[in-house]
Amino acid sequence: MSNQNKIYNVYTFKIMRRVVILSLIFFLNIFFTFSVTGQNRLFKSSYNQKNFERNKIYDQTYNLWKYKNKWIPNKQDTLLNSYFVDDRSYKGLINYGLTFRNKDYRTFQYVEGLYMHFLKVEFEKARFNPNDSIIEIEGYVSGGWGDLALNLQNENSVENTIDVFLGEKTDTIKYCYYRKIVNEEYIETKLNNKDVDETTVIDSFPAFYFKNSSHYRTKAKGKRYFKIKGKVTKNTLLAFGGLNCYSEIFDIGAMVYEPDKNKQKRILRREEMEYRPLIVQNRLVADIEKEKQSAKEVNYYTFTEKAENYILKRQYAFAKESYLLLDKEYKTIFARDIHNAIRCAVLSRDYKNAFYFGKKLAQKGVEKKYFNSKIFSSLRKNREWNEFILDYDSLFIESRNKKNINLKEQIEQLVEEDQKEYGLETRNDKVLYETTERVTTKLIELLKKEGYPSEEKIGVYVKNDTILIASPDYHVLIRHAIQQKPKDLKILNELLNKGIEKYEYDSKRSPNNVMFYNSCFHIYKGNLYNSKSCGKNDLAVKKIIFRFNNPNGFIMDYGNFIVSEYNASNPKEKDDYYNQNFNFIMKLTDDWEFYEK
């Protein structure tokens, strides 16, 4: 090889080596830069509200259990660990099959309501030290049920403190045991007809707890300050929980070590609510909502509800048309709906349909004296009135001859037997129970033999000739059975359900199925109030107002409201309660005793 070629090869080698070295330096610089910038991005020194909100997890899922007793906790009844429990599938004691009966035969109703309250966490400071992986967080928690209480909790009662945990969770299963919630000396409690004790499992739920964690407990009310500090790993969570409050849980490990994980996550803004009802009067709100969805399917009450809503607006012609559609779809309709339909026809001056619906009352066994009411004065002056009365008399006689007189007499005899004890001023609870037990057995045998005492079978009850009674006296037999819980109550309910299916028993609108233990609307000192936690409901307000301004005597669904008793000995306590927790809607009356008239 020539010297020239050797020199050329050495020169080429040096150039290639330089290129390789420069390339290596270049890629090392890129890697170094990426690593440095990557570390700066991962290990921020401070975090704000948005950072936490984007890493919020398990929204409206967990409930903090600090006590063994889910229903009536106290400070001496604590668990070894606080558990975050996903008890969304909890059904309520009655729905699990628990029954309660007073051993002294007094009427006893166990009524359960469950409300989950919302928390709001505001982060003021959050500093992270990448050298030791320690984060220090400060801020405030508001919400919960503590602010809704009428009086401050005393030091021996359960307070709405909020517990804050920072650490890694351990998954587990939490069993819900039966705990003493009534005085069992007087109240017999059974689960599916078996005795219960503290080892009886009601249900089980997925849960987690913090084994090694930092912990902070806030004050019980208002905007509660918190400060917590601890080491952060990729699995670290920050959790806020309180009794019957939706827990607020944040994935701190992802926020610190995986900042891109939830970077694009949308921050959801929930409706401003203080709490959400889950169980009302032993009924799951979810089931109530399902019923509402089912109600959207056209059925009997679709027409009546539509008609009554028109009546609320004084749109009587539209209401009449709804009743005509109801009559077209169903072979028989309840007398209360005929009662309303006649009034709507008269008020819309459709006398033809007023006479049409009027004849249907004759078929129900209503005497013609019903039409002596003032609202029918224009109908009585109509030229077709005399012909209507002739037809009415004929239909009435025909209907009366078809009525089951034996069934009517027997059901009325049972009412008399019931009222011999219940009608006394001084009552013996054991005798009342025994009376209902005996009467219920007779009622069951009667229903098995004759069927439900429908309007078609025994007619319609009327008071003072012109006032239709939507809930006849014999309904008290059903009401007392519901209250006293005789041993054959299940059989009675099965028979009643047959009457409901045939539209013989108007259970849906019967007072037997209405309990006014919980309501958003209260009437106090003649004023109508709405709970601040319930939100707006214009239709419900219209129904209540209509209840006390109904000159045409319609029979309506007036909704659910509570009349609150005036406490003359300490009026300020009640006044302050309504001022703090309710919104004033309107003055209904200056007569505080109007509801008793």
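Look up: the structure comes first, before these words.
Computed from a prediction, not measured in an experiment: that's the story for all the values here.

Trainee: Mind showing me how you'd approach the environment of K211 here?
Mentor: Relative to the elements of secondary structure, K211 occurs in strand β11 (residues 201-217). For the pair K211 and T170, spaced 41 residues apart in sequence, the C-alpha separation works out to 6.9 Å. In this structure, K211 is in contact with E168 and T170, ignoring residues within four places of it in sequence.

Trainee: Help me out: how do you make sense of empty space enclosed by the protein in this one?
Mentor: A probe as big as a water molecule, rolled over the atoms, marks out the empty space that is left. On inspection of all chains with the given rule, the structure shows four cavities of 30 Å³ or more. Size it by volume and the largest cavity reaches roughly 200 Å³. As for the largest cavity, its lining consists of 20 residues, of which E455, A470, P472, Y474 and H475 are closest to the centre. For the lining of the largest cavity, the elements supplying multiple residues, two or more each, are α8 (335-347) and α14 (455-458). Looking at the lining of the largest cavity residue by residue, the class counts come to 13 nonpolar, three polar and four charged.

Trainee: What's the story with the pattern of salt bridges in this structure? I'm lost.
Mentor: Think of it this way: side chains of opposite charge can pair up when their charged atoms draw near. Tallied over the full model, the rule gives 33 salt bridges. Measuring nitrogen to oxygen at the nearest pair gives 2.8 Å for the salt bridge that ties D350 to K320. Remark: K320 occurs in helix α7 (residues 316-329) and D350 occurs in the loop between α8 and α9 (351-363); sequence separation between them is 30 residues. Among the residues examined, D350 registers a relative accessible area of 16% and is labelled buried. By sharing partners, the salt bridges in this structure join E308, D337, D506 and R509 into a single network.

Trainee: For this particular structure, what's the right way to read the packing of aromatic side chains?
Mentor: Aromatic ring pairs are described here by two measures, namely the spacing of the ring centres and the angle between the planes. Counted under the stated rule, the structure contains 52 aromatic pairs. Here the aromatic rings of Y356 and F357 are separated by 5.4 Å at their centres, their planes lie at 70 degrees, and the arrangement is edge-to-face. Owing to a relative accessible area of 36%, Y356 belongs among the partly exposed residues under this scheme. F357 gets classed as buried once you look at its relative accessible area, which sits at 0%. The structure contains a cluster of three or more aromatic residues connected by ring pairs, namely F355, Y370, F371, F376, W385, F388 and Y392. When the ring centre of F208 is taken as reference, the NZ or CZ atom of K169 above it lies at 5.5 Å. The ring of Y461 carries K408 above its face, with NZ or CZ at 5.3 Å from the centroid.

Trainee: Is there a simple way to think about the pairing of strand β13 (residues 236-241) in this case?
Mentor: Look at any regular strand and the pattern is simple: side chains alternate between the two faces of the sheet. The element β13 is largely enclosed, with a buried count of six among its six residues. Here β13 shows no split at all, with T236, L238 and F240 on one side and L237, A239 and G241 on the other all buried. Direction of pairing for strand β8 (residues 163-177) relative to β13: antiparallel, over a ladder of six bridges. The partner of G167 across the bridge, within β13, is L237. Sheet topology places β13 next to strand β14 (residues 248-251); four bridges connect them, and they run antiparallel. Bridge pairing links F240 to E248 in β14. In sequence, β13 turns back onto β14 through a hairpin of six residues, with N244 there showing a positive phi of about 55 degrees.

Analysis parameters
- Residues numbered from 1 in each chain as written.
- Predicted model: local features only at pLDDT ≥ 70, side-chain atom pairs only at ≥ 80, totals over all residues.
- Heavy atoms only, no water.
- Helix = DSSP H or I, 4+ residues; strand = E, 2+ residues; numbered from the N terminus.
- Contact = heavy atoms within 4.5 Å.
- 1 Å grid on protein atoms, 1.4 Å probe; cavity = no way out; pocket = protein on both sides within 12 Å on 5 of 7 lines; lining within 4 Å.
- Points joined across faces, edges and corners; volume = space filled by probe spheres on them.
- Nonpolar A, V, L, I, M, F, W, Y, C, P; charged D, E, K, R; others polar.
- Salt bridge = Lys/Arg side-chain N within 4 Å of Asp/Glu carboxyl O.
- Buried < 20%, exposed > 50% of the residue type's maximum accessible area, 1.4 Å probe, protein only.
- Phe/Tyr/Trp six-rings, centres within 6.5 Å; stacked < 30°, edge-to-face > 60°.
- Lys NZ or Arg CZ within 6 Å of the ring centre and 35° of its normal.
- Pairing = 2+ DSSP bridges.

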